Amino acid sequence: MAPRIRHDGVLVVGAGLAGLSAALAAAPRKVMVLAEAPLNHGCSSAWAQGGMAAALAFDDAPSLHAADTVAAGAGLVDPARAALLAEEGPEAVRLLAQLGAPFDQDGKGGFHLSLEAAHSRARVARVKGDQAGRAIMAAVTAAVMAHPHVEVRTGQRLRGLLQDEAGRIRGVLVDQGGRLTEIVAQAVILATGGIGGLYAVTTTPAELRGEGLGLAALAGAQIADPEFVQFHPTAIDIGRDPAPLATEALRGEGARLINRDGEPFMARYHPEAELAPRDVVARAIHAERAAGRGAFLDARAAVGDHFPEAFPGVFAACLSGGVDPRTAPIPVAPACHYHMGGIVTDAAGATSLAGLFAAGECASTGVHGANRLASNSLLEAAVFGARAGRAAALAEAGELRMARTITAPLLPPSALAELRLAMSADVGVVRDAEGLCQALGLLDRLELAHGRTADLTAARLTVTCALARRESLGAHYRADARQTPDHPERTFVTLDALPPAPAPCLAAE
Ligand code: SIN
């Protein structure tokens, strides 16, 4: 049996912006943050290039930001949650600035704000072109490390959830270098990130494989919208895993998408060309590549010699792959970037399981719908992470009467590699029943060989619900069923009540 330790406070699993925002907000309650990687590594927040969207300009208002968020989400955003996100946004950005995040200034005492696709106002607070995630995380990490009530333990991989007789989540099972430990607490906040590591091409740390999502689902938590996966159009295609990102801001600056013949092809796909919605641009790049014409982001005229100062992160990534973006177009490919689906939470981060909270990419707060608005993810992590922290700090769980430990192994490397290829090929930018059924068949086979692992469970939620949604909506594009519904509905599922496989899948078995 694993040794058990007791923590008289809140456990936060994950140390991205959502997890650390939750930890800071939960104090003065005692908080223990558990992370696998050293702080500022292994989390998507630190890799974010865009920035934080918030109604900070004199000509902007939270209601306008909320309206843009709802419009981007293709009919599936919860308007009340979007309003909450937008209303609390400006304060969240100011708080991070107070902690030391060096947002670009406008020279008049305000934030310098950038316009991004699908925003009706310039409202993205950035840091030196593409440095927002790194700089924000450095500031928040320093605040957490200096906080007397927060203890951080790294090198801890989440392996299970402890559930008591009443069904309440009471702690976690962690693996530290092969040594398992149970940590019992008053409440658990999962801030374990997304599912990028389930895809062969991803812009997120590859270790993010939906473990929190999978374990919560195995414990019986309600899950929403797992079929909605956002693919970033312009991951830099230099054979690196994960693929470095070429921020959308480059297209905002005027960079063009061209194919191997030098044709700027976006006008063939959408009237707004390079500034079309993210999913449209991702599909256009996918189509050019599938047709053998290739896709490249040409920033030579728009950024040129300014690259090293204007976009230092993208510049360094390109050079590492032998591409000088001042003189050559950048080869690009769509990549898994963000999971809109996740563990269902209320406005305070509480899940359907008592004692369990969720925040950040692994949660579904209802603000992203079928397509997340650019630069809303760091904002959501800060706003709803803090809300989850405040709510979890009030939890009192009482005497522990343990019922079970929900554990799930992870796939071994060769099986994971097979899964990642299948997810990118069959559950990617363009989907159809045939490919999704093939992916489901692979999941069945891998589950038979390796058991119900957390990563397979996260993949099963995504694939099954993608098969069940026989329509194209937002980031979920079905080549075999293109119509978009007039009144789309969100998906709400639990693992024991997943939609059945449709007839074509069953016939193929
Ligand atoms: C980007 O900089 O292109 C990504 C921003 C985001 O995903 O919100």
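This text gives an overview of the structure that appears in the document. Note that this is a predicted model, so its numbers are computed, not measured. For every chain, the first residue of its written sequence is number 1, and the numbers climb from 1 along that sequence. Reporting in this predicted model follows two pLDDT cut-offs: at least 70 for local features of residues, and 80 or more for side-chain atom pairs to be given and counted; totals over whole chains, interfaces and linings ignore these cut-offs and use all residues. To obtain the side-chain values, all non-hydrogen atoms of the structure were used and water was disregarded.

Moving on, we come to helix α3 (residues 79-99). Counting from the N terminus, the helices are DSSP H or I runs at least four residues long and the strands are E runs at least two residues long. By definition here, a helix of n residues has an expected span of 1.5 Å times n minus one. When the terminal C-alpha atoms of α3 are compared, their 30 Å separation across 21 residues agrees well with the 30 Å that a helix rising 1.5 Å per residue should span. Largest kink in α3: about 40 degrees, centred on Gly89, with the proline Pro90 one to four residues after it. With a side-chain oxygen lying 3.0 Å from the backbone nitrogen of Ala80, the N-terminal cap of α3 falls on Asp78. Gly100, located one to two residues past α3, shows a positive phi value of around 115 degrees. Given a residue, its bend is the angle between the two axes fitted to the seven residues that end at it and to the seven that start from it. Polar contacts, as counted here, are pairs of nitrogen or oxygen atoms within 3.5 Å of one another; within protein the pair requires one atom able to donate a hydrogen and one able to accept it, and residues that are adjacent in sequence qualify only if both atoms are side-chain atoms.

The next subject is the layout of surface pockets. Think of a 1 Å grid over the protein atoms and nothing else: a 1.4 Å probe that fits but is trapped marks a cavity, an open set flanked by protein within 12 Å on at least five of seven lines marks a pocket, and residues with an atom within 4 Å of a point count as lining. Grid points are joined across faces, edges and corners, and a volume is the space filled by probe spheres set on the points. Of the volumes computed, that of the second largest pocket is approximately 490 Å³. Forming the boundary of the second largest pocket are 26 residues, of which Ser114, Leu115, Ala249, Gly252 and Glu253 lie nearest the centre. Considering every element that reaches the lining of the second largest pocket, the biggest residue donor is helix α6 (residues 249-252), with three residues. Residue type decides the class: Asp, Glu, Lys and Arg count as charged, Ala, Val, Leu, Ile, Met, Phe, Trp, Tyr, Cys and Pro as nonpolar, and the leftover types, Gly among them, as polar. Of the residues belonging to the lining of the second largest pocket, the class tally is eleven nonpolar, seven polar and eight charged.

Before going further, it helps to examine the sheet that holds strand β1 (residues 4-6). Any two strands between which DSSP finds at least two bridges are classified as paired. Here five strands make up an open sheet; going across it, the order is β1-β10-β9-β8-β20 and the pairing mixed. Each end of this open sheet is capped by a strand with a single partner; those strands are β1 and β20 (402-407). Taking each pair of neighbouring strands and ignoring which way they run, the sheet shows an average axis angle of 25 degrees. In this structure, β1 lies alongside strand β10 (residues 179-184), joined through three bridges in parallel fashion. Residue pairing for β10: Arg6 is matched across the bridge by Val184. Relative to the sheet, helix α5 (residues 211-218) contacts β8 (157-164) and β20, its axis offset from that of β8 by approximately 25 degrees. Each axis is a line fitted through C-alpha atoms, and for a helix only the stretch in contact is used; angles between axes span 0 to 180 degrees, taken between their N-to-C directions. We call two residues in contact when some of their heavy atoms are within 4.5 Å.

This paragraph deals with the nonpolar core. Note on terminology: a nonpolar core comprises buried Ala, Val, Leu, Ile, Met, Phe, Trp, Tyr and Cys residues joined through side-chain atoms within 4.5 Å. In this scheme, a residue with accessible area under 20% of its type's maximum is buried, one over 50% is exposed, and one in between is partly exposed, where area comes from a 1.4 Å probe on protein chains only. Grouped together as the largest cluster of nonpolar side chains are 63 residues, with contacts concentrated most on Val172, Leu190, Tyr199, Ile343 and Leu419. At nine residues, the largest contribution of residues to this core is made by helix α13 (residues 454-468). Ignoring anything within four residues of it in the chain, the contact list for Ile343 reads Leu190, Gly212, Leu213, Ala216, Ala221, Gln222, Ile223, Thr351, Ala358, Cys362, Ala363 and Ser364. The next biggest cluster of nonpolar side chains, apart from the first, holds 55 residues, and it includes Leu20, Ala26, Leu39 and Ala135.

It is worth spelling out the environment of Pro277 at this point. Here Pro277 shows up in the loop between β14 (256-258) and α7 (278-290). The class for Pro277 is partly exposed, based on a relative accessible area of 35%. Spatially, the C-alpha atoms of Pro277 and Ala475 are 9.9 Å apart, while their sequence positions differ by 198 residues.

Think of it this way: one heavy atom of a residue within 4 Å of a molecule or strand is enough to make that residue near it. As a structural note, the neighbourhood of the ligand is formed by Gln49, Gly50, His232, Thr247, Glu248, Arg278, His337, Arg372, Ala374 and Ser375. His232 places a side-chain nitrogen or oxygen 2.7 Å from an oxygen atom of the ligand. With respect to the ligand, the backbone of Ser375 contributes an N or O atom lying 2.7 Å from an oxygen atom. Here the open area of atoms and residues is found with the Shrake-Rupley method and a 1.4 Å probe, where only the protein chains shown may cover a residue. Protein coverage of the free-state accessible area of the ligand, which is 260 Å², stands at 95%. Residue classes in the shell around the ligand are distributed as one nonpolar, six polar and three charged.

Pairing in this open sheet of five strands is parallel, and the strands run β7-β3-β2-β11-β18 from one edge to the other. Only two strands of the sheet have a single partner each, and these edge strands are β7 (150-153) and β18 (356-358). Strand after strand, the sheet turns through a mean of 20 degrees between neighbouring axes, direction not considered. Bridge count for strand β3 (residues 31-34) against β7 is four bridges, and the pairing is parallel. Looking across to β7, one finds that Met32 is bridged to Glu151. Relative to β3, helix α1 (residues 17-26) is tilted by about 170 degrees, and along the sheet it contacts β2 (10-13), β3, β7 and β11 (187-190).

Here the focus is the packing of helix α12 (residues 433-450) against α13. Running from amino to carboxyl end, α12 crosses α13 at an angle of 155 degrees, the nearest separation of the two axes being 10 Å. By the angle class used here, α12 and α13 are roughly antiparallel. Handedness of the α12/α13 crossing: left-handed. Of α13, the residues touching α12 (which contributes Ala433, Leu436, Cys437, Ala439, Leu440, Leu443, Asp444, Leu446 and Glu447) are Leu456, Ala459, Arg460, Val463, Thr464, Ala466 and Leu467. Residue classes in the contact of α12 with α13 are distributed as twelve nonpolar, one polar and three charged. Geometric relationships in this document are graded by angle, where less than 35 degrees denotes roughly parallel, more than 145 denotes roughly antiparallel, 65 to 115 denotes roughly perpendicular, and other angles denote oblique. Throughout, a crossing is termed right-handed when the near helix is turned clockwise from the far one, and left-handed when it is turned anticlockwise from it by less than a right angle.

Salt bridge, as applied in this entry: a Lys or Arg side-chain nitrogen positioned within 4 Å of an Asp or Glu carboxyl oxygen. The final tally for this structure, using the stated rule, is 32 salt bridges. One salt bridge connects Arg469 with Glu227, and the closest N-O pair in it is separated by 2.7 Å. Here Glu227 lies in the loop between β12 (223-224) and β13 (229-236) and Arg469 lies in the loop between α13 and β21 (492-493), a separation of 242 residues in the sequence. Glu227 carries the same exposure label as Arg469, and that label is buried. Residues Arg278 and Glu248 are paired through a salt bridge, measuring 2.7 Å at the closest nitrogen-oxygen approach. Placement of the pair is Arg278 in helix α7 and Glu248 in the loop between β13 and α6, with a sequence separation of 30 residues.

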